[in-house]
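Okay, here's what each chain looks like letter by letter:
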Amino acid sequence: MDNALTFADVAAAQDLLAGHLPATPMWSYPALDAVAGATVYVKHENVQPVGAFKVRGGLTLLAGLPAEQRERGLVTYSTGNHAQSIAYASAIFGAPCTVVMPLTASAEKVRALRALGATAVLHGPDLAAAQRHAEQLATAADALLVSPGDTAALLAGVGTLYVEIFTARPDLDAVVVPVGSGTGAAAACLVAAKLAPHCRVVAVQSAASRAAYDSWRAGTCVERPNRTRVDGLATGRGFALPQQLMRTGLTDFHLVDDEQIGAAQQLLASHAHTLAEGAGAAALAAVLARPDTFAGQRVAVVCTGGNASAAEIAALGG
Ligand SMILES: *Cc1c(COP(=O)(O)O)cnc(C)c1O
């Protein structure tokens, strides 16, 4: 299904996932609406197993693999939720899973991965070095190397989140999606074009890691410094497959800074009793940063994840 990913792939993923994941809730909170000056629907991917929307992609990928491919196992590279998604799905489908993480990965994340039964390999100073090592391990073991951004099954799986959103609220004016590699935003474009063509799809990235934003603006994948503190949004390059879908489907792309994301994280805690990790609060941060753009409208913000670190939780008090 590479490069020709269609809505039919998302619909097939929905069937695959039906036995594994219930639909997540989407609520609005009057106190939050009052601050935002809009009707804000928070889509709660923070309540997924492993705490983030990516599990939809991991399960879809594993469910679609031939048995002999599962037996040979999977290798991927990540510092965060992508790794947990692949590890969770591999455990369910009985596939060996190896994740290469930079030496700087936090002890909590390594522990979470090992608890899911994955092999965590710590290698190199950054994600680019981890990626190169993962490629070597995959070749040596004849295992499947899983790119976090350019794997069509992952996009098809995360697209199911947008089917749920547009089925629940066909009347949305906009949906705001945080971007790292862009799988979520690309899937949102694909599903909106089919189910809610009048709904604007707005992406948001941290100004401190703007590779996806600049790739979208330039119309070609570029590399940029990767300095955000917000894990789920930390990427240093554009990914071809999601960029290709975003190029035609995205209405707009906004940047917010890490401080605005932190403020939105606090607001979700105080006004929506929701624990979001930074990336999970970025969509709300984008709405708050441009009140005129969203005033009086019905806007879905995807709370993509709830895996806040101990330091993030401590900072919620202000
Ligand atoms: C991965 C991730 C994102 C970014 O998603 P992409 O599909 O990589 O753009 C946003 N939020 C959270 C919580 C994530 O884990």
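Keep in mind the model is a prediction, meaning the values are calculated, not measured. (Residues numbered from 1 in each chain as written. Predicted model: local features only at pLDDT ≥ 70, side-chain atom pairs only at ≥ 80, totals over all residues. Heavy atoms only, no water.)

Focus on the UniProt feature "domain: Tryptophan synthase beta chain-like PALP" (unreviewed entry) in the protein
Quick note on the threshold: UniProt positions are given in the numbering used here, feature names are shortened, and annotations may be inferred rather than shown by experiment. Here a strand is any run of E in DSSP of at least two residues, a helix any run of H or I of at least four, and the numbering for each starts at the N terminus.
As recorded in UniProt, the feature "domain: Tryptophan synthase beta chain-like PALP" (unreviewed entry) lies at residues 22-305. When the span residues 22-305 is considered, its composition is 49% helix and 17% strand, and the gap between its end C-alpha atoms is 16 Å.

What about the sheet that holds strand S10 (residues 298-303)?
The strands making up a sheet associate through hydrogen bonds between their backbones, and the pairing can be parallel or antiparallel. This is how it is decided: Two strands pair under a simple rule: DSSP has to find at least two bridges between them. In what follows, residue pairs with any heavy atoms lying within 4.5 Å of each other are defined as contacts. Fitted lines through C-alpha atoms give the axes, limited to the stretch in contact for helices. The angle between two N-to-C directions lies from 0 to 180 degrees.
On the basis of which strands lie adjacent, the open sheet formed by six strands has the order S1-S2-S10-S7-S8-S9 and mixed pairing. The sheet is open, and its two borders are formed by strand S1 (26-27) and strand S9 (252-256), each paired with just one other strand. As paired elements, strand S8 (residues 200-206) and S9 share five bridges and run parallel to each other. Its bridge partner lying in S9, Ala203 is registered against Phe253. Its contacts with the sheet put helix H9 (residues 183-195) on strand S7 (174-178) and S8, and the angle it makes with S8 is roughly 175°. Sheet strands touched by helix H12 (residues 258-271): strand S2 (39-44), S8 and S9. Its angle to S9, the strand with the most contacts, is close to 90°.

A look at the site of the ligand
Convention followed: The near set for a molecule or strand comprises every residue that places at least one heavy atom within 4 Å of it. Side-chain atoms alone can form a polar contact between residues adjacent in sequence; in general such a contact is a pair of N or O atoms within 3.5 Å, and within protein one must be able to donate a hydrogen while the other accepts it. Residue exposure ignores everything except the shown protein chains as possible cover, and the areas themselves are Shrake-Rupley values with a 1.4 Å probe. Note that Gly is not counted as nonpolar here; it falls among the polar residues with everything else outside the nonpolar set of Ala, Val, Leu, Ile, Met, Phe, Trp, Tyr, Cys and Pro and the charged set of Asp, Glu, Lys and Arg.
Within the structure, the ligand sits among 14 residues, and Lys54, Gly180, Gly182, Thr183 and Thr304 are positioned closest to it. Between the ligand and Asn81 there is a distance of 2.8 Å, counted from an oxygen atom to a side-chain nitrogen or oxygen. The contact in question runs from an oxygen atom of the ligand to an N or O atom on the backbone of Gly184, over 3.0 Å. Within the complex, the protein chains bury 96% of what would otherwise be the 380 Å² of accessible surface of the ligand. Of the residues contributing to the shell around the ligand, the split by class is three nonpolar, nine polar and two charged.

Topic: the nonpolar core
Note the threshold: We define a nonpolar core as any set of buried Ala, Val, Leu, Ile, Met, Phe, Trp, Tyr and Cys residues linked to one another through side-chain atoms lying within 4.5 Å. Under the scheme applied here, a residue whose accessible area is under 20% of the maximum for its type counts as buried, over 50% as exposed, and between as partly exposed, the area being computed with a 1.4 Å probe on protein chains only.
Counting 41 residues, the largest nonpolar core has Tyr162, Ile165, Phe166, Val175, Leu250 and Phe253 as its most contacted members. Secondary-structure elements contributing two or more residues to this core are helix H1 (7-17), helix H8 (152-168), S7, H9, S8, helix H10 (211-218), helix H11 (240-249) and S10. Considering every element that reaches this core, the biggest residue donor is H8, with nine residues. Excluding its chain neighbours within four sequence positions, the residues that come into contact with Tyr162 are Val175, Val177, Gly184, Ala187, Ala188, Val191 and Val302. Counting 31 residues, the second-largest nonpolar core is a separate cluster that includes Ala174, Leu233, Ala276 and Val287.

So, the pairing of S8
For clarity, the cut-off: With the strands aimed away from the viewer, a crossover counts as right-handed if its path from the first strand over the helix to the second runs clockwise.
With six of seven residues buried, S8 lies mostly within the body of the structure. Relative to S8, S7 runs parallel, the two sharing five bridges. Following the sheet pairing, Val176 is matched in S8 by Val202. Handedness of the β-α-β unit built from S7, H9 and S8 comes out right-handed.

With respect to the pattern of salt bridges
Stated precisely, the cut-off is as follows: Within this document, salt bridges are pairs made up of a side-chain nitrogen of Lys or Arg and a carboxyl oxygen of Asp or Glu, the two lying within 4 Å of each other.
The tally for this structure, following the rule as stated, stands at 11 salt bridges. Arg72 serves as the salt-bridge partner of Asp142, at 3.5 Å between the closest nitrogen and oxygen. Of this pair, Asp142 sits in the loop between helix H7 (127-141) and strand S6 (144-146) while Arg72 is found in helix H4 (residues 67-72), placing the two residues 70 residues apart along the sequence. On the accessibility criterion, Asp142 (49% relative accessible area) is partly exposed. The partner of Asp171 in a salt bridge is Arg169, with the nearest N and O atoms 2.8 Å apart. The structure contains a network of salt bridges with shared partners spanning Lys43, Glu45, Arg56 and Glu164.

Details of H11
Within H11, the full set of buried residues consists of Leu241, Pro242, Gln243, Leu245 and Met246. If you follow the buried residues of H11, they end up packed against H8, H9 and H10.

Here we look at the state of the cysteines
Convention followed: Any two cysteine sulfur atoms within 2.5 Å of one another count as a disulfide.
This structure, assessed with the given rule, holds zero disulfides. This cysteine, Cys199, is not joined by any disulfide, and Cys189 carries the nearest cysteine sulfur, 10 Å off. For the unlinked cysteine Cys221, the closest cysteine sulfur is that of Cys189, found at 14 Å.

Structural notes on the packing of aromatic side chains
The geometry of an aromatic ring pair is captured by two quantities: the separation of the ring centres and the angle between the planes. Which entries qualify depends on this criterion: Aromatic contacts are taken between Phe, Tyr and Trp rings whose centres are within 6.5 Å, Trp giving its six-membered ring; a plane angle under 30 degrees counts as stacked, one over 60 as edge-to-face, and the others as tilted.
Taken as a whole and assessed by the stated rule, the structure comprises two aromatic pairs. Geometrically, the ring pair formed by Trp216 and Phe253 is tilted, given 5.9 Å between the ring centres and 50° between the ring planes. Of this pair, Trp216 sits in helix H10 while Phe253 is found in strand S9, placing the two residues 37 residues apart along the sequence. We note that Trp216, like Phe253, is buried. An aromatic cluster is built from Tyr213, Trp216 and Phe253, whose rings are joined through pairwise contacts.

Comments concerning the domain arrangement of the protein
Short version of the rule: Throughout, the edges of the domains are those of an automatic or database domain assignment. Buried area: the accessible area, evaluated with a 1.4 Å probe, that two parts lose upon being put together, summed over both parts.
Domain parsing of the protein yields domain 1 (7-52 + 152-315) and domain 2 (55-146). On a C-alpha basis, the centroid separation for the pair domain 1 and domain 2 is 24 Å. At the junction of the two partners, domain 1 supplies 24 residues and domain 2 supplies 22 residues. In total, domain 1 and domain 2 occlude about 1,700 Å² of area from one another, counting both sides; carbon and sulfur atoms represent 60% of this. In terms of surface lost to domain 2, no three residues of domain 1 exceed His20, Val50 and Leu154, which account for 32% of the buried area on that side.

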